[in-house]
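Below are the chains, spelled out letter by letter.
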Amino acid sequence: MSGMSFSSREPSTCSTSVPKTHHSVTTMDGSLNTCSAKPAPAGFRRVSSTGEPSSCPVPGLGPGVLEMRVKEGSKIRNLLGFAMSRLQGGGHVSPVSQVMFTGTGRAITKTITCAEIMKRHIRGLHQVSKLQYRTVREVWQSREDESIQMTVVKKVPAIYIFLSKEPLDPLELGYQSPAEMSSSSEENTSGAATESSRKRHCSPCSYETVQLSKIKRSTQEHTATAYNY
């Protein structure tokens, strides 16, 4: 897979939950603790963070694949503007036929959003999605005594979304054909149109009429009940 990548930064507003990050903490005495919430060591500062190399879980990638590394603060419009211009052959750059969106941790939601928007703008894309955990090792140092250090090993979730104009192996786990994407998009569009039509037909006048009818019916029921007593 080629080393081409593109990313940009912006404040993140995504609130969709992603798989939890698992941590194991090794102290100076050699003891090991494991937790699922991010540790907040008081009086410590992070001095280094390294990720262990991991192989791409999508098999059979050839040369010329455009890799888009999505960060938590990346701007979606910048990522998609660059990626779609390469797929569509815009500008003075050579076009590509395959793109890989990757995101880690809190960037997973934005990674999925980028892929879904691209599929709506460029029809006929084949897709393969994979999930895995990456290992990240952080070293924290005491602010009061630099000789005191703590190592935190994290298992961070990562997602790979491979989109291709060329046909892919339909038997590959995580494969989605263009036909499945189109039918899903049509169902969502149809549902949105039905909801919009329902809201459009329910004008303020008709809404008031319905409410008045309910009040009148309720009044009649209460009157009948009082009469029976």
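Residues numbered from 1 in each chain as written. Predicted model: local features only at pLDDT ≥ 70, side-chain atom pairs only at ≥ 80, totals over all residues. Heavy atoms only, no water.

Enquirer: I tried to follow the overall build of the chain on my own but got confused; where do I start?
Expert: The helix and strand tally for the chain stands at four helices and eight strands. Scanning the chain from its N terminus toward the C terminus, one meets helices and strands in the order β-β-β-β-α-β-α-β-β-β-α-α. Taken across its 229 residues, the chain has 31% of its residues classed as buried. Of the contacts made within the chain by residues no fewer than 6 positions apart, 78% connect residues no fewer than 24 positions apart. Here the chain has roughly 14500 Å² of accessible surface; of this, 54% comes from carbon and sulfur atoms. (Helix = DSSP H or I, 4+ residues; strand = E, 2+ residues; numbered from the N terminus. Buried < 20%, exposed > 50% of the residue type's maximum accessible area, 1.4 Å probe, protein only. Contact = heavy atoms within 4.5 Å. Areas by Shrake-Rupley, 256 points an atom, 1.4 Å probe, with all protein chains shown as cover.)

Enquirer: Just to check I follow, could you spell out the nonpolar core for this structure?
Expert: Proteins that are soluble and globular tend to have nonpolar side chains buried together. One finds Met68, Val99, Phe101, Met118 and Leu163 to be the most contacted residues of the largest nonpolar core, which totals 20 residues. Of all elements in the fold, only β4 (66-70), α1 (76-88), β5 (98-104), α2 (108-121) and β7 (149-164) reach the threshold of two or more residues within this core. Formed by nine residues, the second largest nonpolar core is a distinct cluster that contains Val58, Met100, Val128 and Leu168. (Core = buried A, V, L, I, M, F, W, Y, C linked by side-chain atoms within 4.5 Å.)

Enquirer: Quick question: what am I supposed to make of the pairing of β5 here?
Expert: Looking along a regular strand, one sees side chains alternate from face to face of the sheet. Counting buried residues in β5 gives six out of seven residues, a clear majority hidden from the surface. As judged from the five bridges shared by β4 and β5, these two strands associate in the parallel manner. Looking at the pairing, Val70 lines up with Gly103 of β5. By the bridge criterion, seven bridges tie β5 to β7 in an arrangement that is antiparallel. Note that in β7 the partner of Thr104 across the bridge is Ala158. (Pairing = 2+ DSSP bridges.)

Enquirer: Where do I start with the pattern of salt bridges in this structure?
Expert: Close approach of charged atoms lets side chains of opposite charge pair. Scanning all chains against the criterion turns up seven salt bridges. Across the pair Glu138 and Arg46 runs a salt bridge, and its minimum N-O distance is 2.9 Å. Within this pair, whereas Glu138 is found in strand β6 (residues 126-142), its partner Arg46 is found in strand β3 (residues 44-51), the two being separated by 92 residues in sequence. By relative accessible area, Arg46 is classed as partly exposed at 46%. A salt bridge links Glu67 to Arg69; the nearest nitrogen and oxygen atoms lie 3.2 Å apart. Owing to a relative accessible area of 9%, Glu67 belongs among the buried residues under this scheme. Each member of the salt-bridge network shares a partner with another, and the members are Arg46, Glu138 and Lys154. (Salt bridge = Lys/Arg side-chain N within 4 Å of Asp/Glu carboxyl O.)

Enquirer: Mind showing me how you'd approach the environment of Ser55 here?
Expert: With respect to the helices and strands, Ser55 occurs in the loop between β3 and β4. Taking relative accessible area as the criterion, Ser55 reaches 57% and is therefore assigned exposed. For the pair Ser55 and Arg134, spaced 79 residues apart in the sequence, the C-alpha separation amounts to 9.8 Å.

Enquirer: Where do I start with the confidence of the model for the chain in this structure?
Expert: Detailed reading of the predicted coordinates is not advisable wherever pLDDT falls low. When the pLDDT values of the chain are averaged, the result is 75; 60% of them are 70 or greater. Scored below 50 in pLDDT, residues 7-17 makes 24 contacts in the model with residues more than four places away or belonging to other chains. Note on residues 202-207: pLDDT is under 50 here. Beyond four places in sequence and across chains, it has two contacts. (pLDDT = per-residue confidence, 0-100.)

Enquirer: Help me out: how do you make sense of α2 in this one?
Expert: Because an α-helix completes one turn every 3.6 residues, residues spaced three or four positions apart along the sequence face the same direction. With 14 residues, α2 should cover 20 Å at 1.5 Å per step; its first-to-last C-alpha distance of 21 Å lies within 8% of that length. Of the positions making up α2, those classed as buried are Ile108, Thr109, Lys110, Thr111, Cys114, Ala115, Met118 and Lys119. (Expected span 1.5 Å × (residues − 1).)

Enquirer: It is not clear to me how α1 should be interpreted in this structure. Could you clarify?
Expert: Given a rise of 1.5 Å per residue, 13 residues ought to cover 18 Å, and the 18 Å separating the end C-alpha atoms of α1 matches this to within 8%. Buried within α1 we find Leu79, Leu80, Ala83, Met84, Arg86 and Leu87. The arc that holds the buried residues of α1, viewed along the axis, is 160°, so those residues lie on one side. Every exposed residue of α1 that faces more than 90 degrees away from the buried side is listed here: Arg77 and Gln88. Check the buried side of α1 and you find it contacts β4, β5 and α2. (Arc of directions from axis to C-beta.)

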